[in-house]
Structure formats: C-alpha cells, structure tokens
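Read off the chains here:
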Amino acid sequence: MIAISFEQKLILIGGTSYAVENKKSVFTLLNYILPEKGVMPMHCSANHRAGDQDHAAVFFGLSGTGKTTLSADPKRTLIGDDEHGWTDKGVFNFEGGCYAKTINLSKESEPELYATTSMFGSALENVVMDPATRELDFDDSSLAENTRGAYPIHFIPNTSEKNLGPVPTNVVMLTADAFGVLPPIARLTPEQAMYHFLSGYTAKVAGTEIGVTEPEATFSTCFGAPFMPRHPSVYGNLLKERIAKGGVQCWLLNTGWTGGKYGVGNRMPIKATRALLNAALNGDLEDVAFRRDDNFGFDVPVSVPALIEKEINQTLLNPRETWADKADYDATASKLVQLFIDNFAEFEAHVDEGVRQAAPVAA
C-alpha cells in the first residue's frame, strides 16, 4: 500500500521492504508539484559533454532499456541516472544518487557500474550472495529479475559536483524492442518525439514475469505512467515547449533485439548502441544519408562511419535485412504498428494534428 496526500505532502508506505518505494513516492509528489512551477519533471538520466556546458542530453526510458548504462560515459559528465527537472536554466537531478539495475552486470560491459558494487556505502537489493565466500552472482535472478544497486552519484567517475547541467541539446528516447522491428537509432521530428514520449514503448520478454512466454509490448506514458499523477498531456506539452525553445534534436534508440524477435534474434550489441549514440550526440550524423522508415515514418541513417570504424555490419541499421524470414518480419512489424495505434487512441483528442500525423500507418 502506498498512499499519498498531495495537500499534506504526506506519504504512507506499508507492506513492503522494497527500497524504491521511498524514491518513487517522492518522485510522484514532485511530478504533481513541479509542472505548476514551469518545471518539466522527467523519468530520465542526463549527462553533458565533459568540459562543455553547451551539449547536454537527457535519456528517457523504462527499466532495463539502458538509461543508467548509457548515461555513465567516461567522456561525458553524469548529472544523474533516473529523475530530473528541466527548466529554462538547465537540467537538475532530484536524487544525488543512483539506483541501477544489476541483473547480468559484468565488469567488461559496464565497468563504472560494476565497480560501485564493491564500494563501501553501496546497498545491493535482491542480489544473490554466497553466504560463505560473500561472492556476488549478478546472473542469478532467483530472488528477482529486478536486482538493484543503490550508491551515491559520486561513485561514478566524471559526475557533476552540483547535480546540475545545461539546457539539453539532445533528447534520447530508449526502448528495448523485443519484437526486433525498430532500428537501432532513428531521428525524430518534434511531433514524432511527442508521439513516442506519450507512447512510452518498450517490451517485456519471456522469463521476466510469470505468464510471459512471448514478447509483450508495454506502453508507459511519459516513460513513467505510475508516477505521473497529472494528465499525460501536461507533461507532453511541457516537453513540446522545451524542445521548441531550445531547438532540441530528438532520437529513438533501440537497445532491444536485432535479427529477429526475442528467442530468435540477438540483443543489440552494446558497442553498436554506444557508437550510434555518440555519433548522434557529437553531431556526426548531420552529414549522413537517411531513409524514411516504412513502418513508423521516422528517419533512419543508411550508413554510419562510427559503425564502420568498429567493424560492425551496416545491415544492423535496417532491421528487415537482419531477419532471415522477411515475411515474418513484415507480419511482426504490422503487429507492432497496430499495437502503437491502439495504445495512442486515448491521446488523440489531447494532441494537435501534427502529432496525430506522426503516428505509424497500418498496412
């Protein structure tokens, strides 16, 4: 049970020892208060180019899509990993700490996060530990798939001393598409950005929840529906206003599956995701050719030099070409498009025609 009085600013939590209930309850309260003050509250991570106060990025995404991993970049200054506000002056972090997902965490793929798990002051939740050796097993999900590490933000190198950053120049929306349909990166117009922000899409995969045996679409409005007490249009309009004021470039980054849906294809290589993200944030995609995606209408790069440098096959940029069964891809893509359309029906009356036109079109 979690009961919140917005009038008294009082939160009562009962029947759980899950630490995140405290954090998310305060986040919910702030999400109610801040819009009236002209502040855009966000379920996102944020960073900016090290030594450069003009290039900040925010990363929207649900749990498991890569917010914490991708924002912890040694070449960029971390502002925070989960909850922020966006004002005319910049971005500020609510927490002063991080609450990172640790399932399948490895020293090789995520060295900065891995290092925090052995630092004094970190608190690990649902992580399996050998009672004799005290060795941690981050691959063991027997207690919960949602294993976590909580630690002060300064445990990550290159963090902002004041938890503040400049006004963002890039907005990145993360999704882990288990259907294997979405490209690894796409450029969004402001209208498309608002559409995908209100959609808040990612996917559940088999094994994460009881009864889930096939990829299952999840839509969480504003990438945090349970914690957004006002109407979604309030947050959507704030984002639209912020994007317009700053001339912000928006991206959709798929950290999910390629070469087929979950169970057939493979997880998007982290080195490819990082290469594409860095290319976007550094402006390296400004001069590359783009194609229009047949299913969702956004722009997808045809070739990216950063992938070539890392010897990653450019075919990755065109999801259909990575599937062995093209007919199966087409059928799966059509299914996902319809799921988007059905989900967005409740928002159509609250957005302008430009946003409605940003929706995918059923075949």
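Enquirer: Which parts of the structure should I look at to understand the overall build of the protein?
Expert: Helix and strand content of the protein: ten helices and 22 strands. Taking 2.2 N^0.38 as the reference for a compact globule, 363 residues should give roughly 21 Å; the C-alpha atoms of the protein span a radius of gyration of 20 Å, in line with that estimate. The long-range share in the protein, meaning contacts at least 24 apart out of those at least 6 apart in sequence, stands at 68%. Split by element, the accessible area of the protein, about 16500 Å² in all, is 51% carbon and sulfur.

Enquirer: What's the story with the packing of helix α4 (residues 190-199) against helix α5 (residues 232-246) in this structure? I'm lost.
Expert: The description of two packed helices rests on the angle between their axes and on the distance between the axes. Axis separation between α4 and α5 bottoms out at 10 Å; the angle between their running directions is 150°. One way to sum up the angle between α4 and α5 is to call them roughly antiparallel. Considering how the two elements wind past one another, α4 and α5 form a crossing that is right-handed. When α4 is examined against α5, the residues Pro 190, Ala 193, Met 194, Phe 197 and Leu 198 are found in contact with a partner set consisting of Pro 232, Tyr 235, Gly 236, Asn 237, Leu 239, Lys 240 and Ile 243. Here the residues of the contact of α4 with α5 are counted per class, giving nine nonpolar, two polar and one charged.

Enquirer: Where do I start with the nonpolar core in this structure?
Expert: The tendency in soluble globular proteins is for nonpolar side chains to be buried side by side. Counting 53 residues, the largest nonpolar core has Phe 60, Met 173 and Phe 197 as the members making the most contacts within it. With six residues, the single largest contributor to this core is helix α9 (residues 326-344). Beyond its immediate chain neighbours, meaning those up to four positions away, Phe 197 contacts Met 40, Phe 60, Met 173, Thr 221, Cys 222, Phe 223, Tyr 235, Gly 236 and Leu 239. In this structure, Leu 174, Leu 253, Met 268 and Leu 307 belong to the second largest nonpolar core, which totals 24 residues.

Enquirer: I tried to follow α4 on my own but got confused; where do I start?
Expert: Since there are 3.6 residues in each turn of an α-helix, residues three or four apart along the chain are aligned in direction. Here α4 lies mainly inside the structure; eight of its ten residues are buried. Of the positions making up α4, those classed as buried are Gln 192, Ala 193, Met 194, Tyr 195, His 196, Phe 197, Leu 198 and Ser 199.

Enquirer: What am I meant to see in a negative patch on the surface here?
Expert: Residues Asp 130, Glu 135, Asp 137 and Asp 139 make up a contiguous surface patch of negative charge. Mapping Asp 130 onto the fold places it in the loop between β10 (128-129) and β11 (136-137). Assessed through its relative accessible area of 33%, Asp 130 is described here as partly exposed.

Enquirer: Quick question: what am I supposed to make of the side chain of Ser 25 here?
Expert: Position of Ser 25 among the secondary structure elements: in helix α1 (residues 20-33). Apart from the residues within four sequence positions on either side, Ser 25 is in contact with Ile 2, Ile 4, Ile 11 and Ile 13.

Enquirer: So what exactly am I meant to see when it comes to unusual backbone geometry here?
Expert: Glycine aside, residues mostly have negative phi, and peptide bonds are mostly found in the trans state. The phi torsion at Arg 134 lies on the positive side, around 60°, for a residue other than glycine. For Arg 134, the location among the structural elements is in the loop between β10 and β11.

Enquirer: Explain the packing of α4 against α9 to me, please; I cannot follow it from the model alone.
Expert: Across the interface, α4 lies against α9 with an axial gap of 10 Å and an inter-helix angle of 80°. The angle between the axes of α4 and α9 places the two elements in the roughly perpendicular class. Between α4 and α9, the residues in contact are Tyr 195, His 196, Leu 198 and Ser 199 and Phe 340, Ile 341, Asn 343 and Phe 344, respectively.

Enquirer: Is there a simple way to think about helix α6 (residues 270-281) in this case?
Expert: Look at α6: 16 Å from first C-alpha to last across twelve residues, which is about the 16 Å you get at 1.5 Å a residue. By the criterion of burial, α6 is predominantly enclosed, with nine of the twelve residues buried. Looking at α6, one finds that the buried residues are Ala 272, Thr 273, Arg 274, Ala 275, Leu 276, Leu 277, Ala 279, Ala 280 and Leu 281.

Enquirer: Looking at this structure, how should I read the packing of aromatic side chains?
Expert: Given two aromatic rings, one states the distance between the centres and the angle between the planes to describe the pair. With the rule as written, the count across this model stands at 18 aromatic pairs. On the basis of an interplanar angle of 85° and a centroid distance of 5.1 Å, the ring pair of Phe 219 and Phe 340 is categorised as edge-to-face. Of this pair, Phe 219 sits in strand β17 (residues 216-219) while Phe 340 sits in helix α9, placing them 121 residues apart in sequence. On the accessibility criterion, Phe 340 (0% relative accessible area) is buried. Three or more aromatic residues joined by ring pairs make a cluster, and in this case those are Tyr 195, Tyr 201, Phe 219, Phe 296, Phe 298, Phe 340, Phe 344 and Phe 347. Lying across the ring of Phe 290, Arg 187 places its NZ or CZ 3.8 Å from the centre. Against the face of Tyr 32 rests Arg 230, its NZ or CZ located 4.3 Å from the ring centre.

Enquirer: Even after reading the chapter, I still don't get the pairing of strand β14 (residues 168-175), so can you show me in this structure?
Expert: As a general feature of sheets, a regular strand has side chains that alternate between the two faces. Most of β14 sits out of view: seven of its eight residues are buried. Sheet topology places strand β4 (residues 56-60) next to β14; five bridges connect them, and they run parallel. Across the sheet, Ala 57 pairs through a bridge with Asn 170, a residue of β14. With six bridges joining them, β14 and strand β18 (residues 249-254) adopt parallel strand pairing. Along β18, the bridge assignment pairs Leu 174 with Leu 253.

Enquirer: How do you make sense of the pattern of salt bridges when you look at a structure like this?
Expert: Pairing between side chains of opposite charge can happen when the charged atoms of each approach one another. By the definition in use, this model includes 15 salt bridges. With a shortest N-O distance of 2.3 Å, Glu 95 and Lys 23 are connected by a salt bridge. Of the two residues, Glu 95 sits in the loop between β7 (91-93) and β8 (97-101) while Lys 23 sits in helix α1, which places them 72 residues apart along the sequence. Residue classification places Glu 95 among the partly exposed positions, given a relative accessible area of 27%. Under the relative-accessibility criterion, Lys 23 is labelled buried at 16%. The salt bridge involving Asp 352 is made with Lys 240; its shortest N-O contact spans 2.3 Å. With Asp 352 in the loop between α9 and α10 (353-357) and Lys 240 in helix α5, this pair connects stretches of sequence that are 112 residues apart.

The rules we used
- Residues numbered from 1 in each chain as written.
- Predicted model: local features only at pLDDT ≥ 70, side-chain atom pairs only at ≥ 80, totals over all residues.
- Heavy atoms only, no water.
- Helix = DSSP H or I, 4+ residues; strand = E, 2+ residues; numbered from the N terminus.
- Rg over C-alpha atoms; globule rule 2.2 N^0.38 Å.
- Contact = heavy atoms within 4.5 Å.
- Areas by Shrake-Rupley, 256 points an atom, 1.4 Å probe, with all protein chains shown as cover.
- Axes fitted to C-alpha atoms, helices over the stretch in contact; angles between N-to-C directions.
- Parallel < 35°, antiparallel > 145°, perpendicular 65-115°, else oblique.
- Left-handed = near helix turned anticlockwise from the far one by under 90°.
- Nonpolar A, V, L, I, M, F, W, Y, C, P; charged D, E, K, R; others polar.
- Core = buried A, V, L, I, M, F, W, Y, C linked by side-chain atoms within 4.5 Å.
- Buried < 20%, exposed > 50% of the residue type's maximum accessible area, 1.4 Å probe, protein only.
- Patch = residues over 30% accessible without salt bridge, like charges linked within 9 Å, V, L, I, M, F, W, Y side chains within 5 Å.
- Salt bridge = Lys/Arg side-chain N within 4 Å of Asp/Glu carboxyl O.
- Lys, Arg positive; Asp, Glu negative; His and termini not counted.
- Charge placed at Lys NZ, Arg CZ, Asp CG, Glu CD.
- Expected span 1.5 Å × (residues − 1).
- Phe/Tyr/Trp six-rings, centres within 6.5 Å; stacked < 30°, edge-to-face > 60°.
- Lys NZ or Arg CZ within 6 Å of the ring centre and 35° of its normal.
- Pairing = 2+ DSSP bridges.

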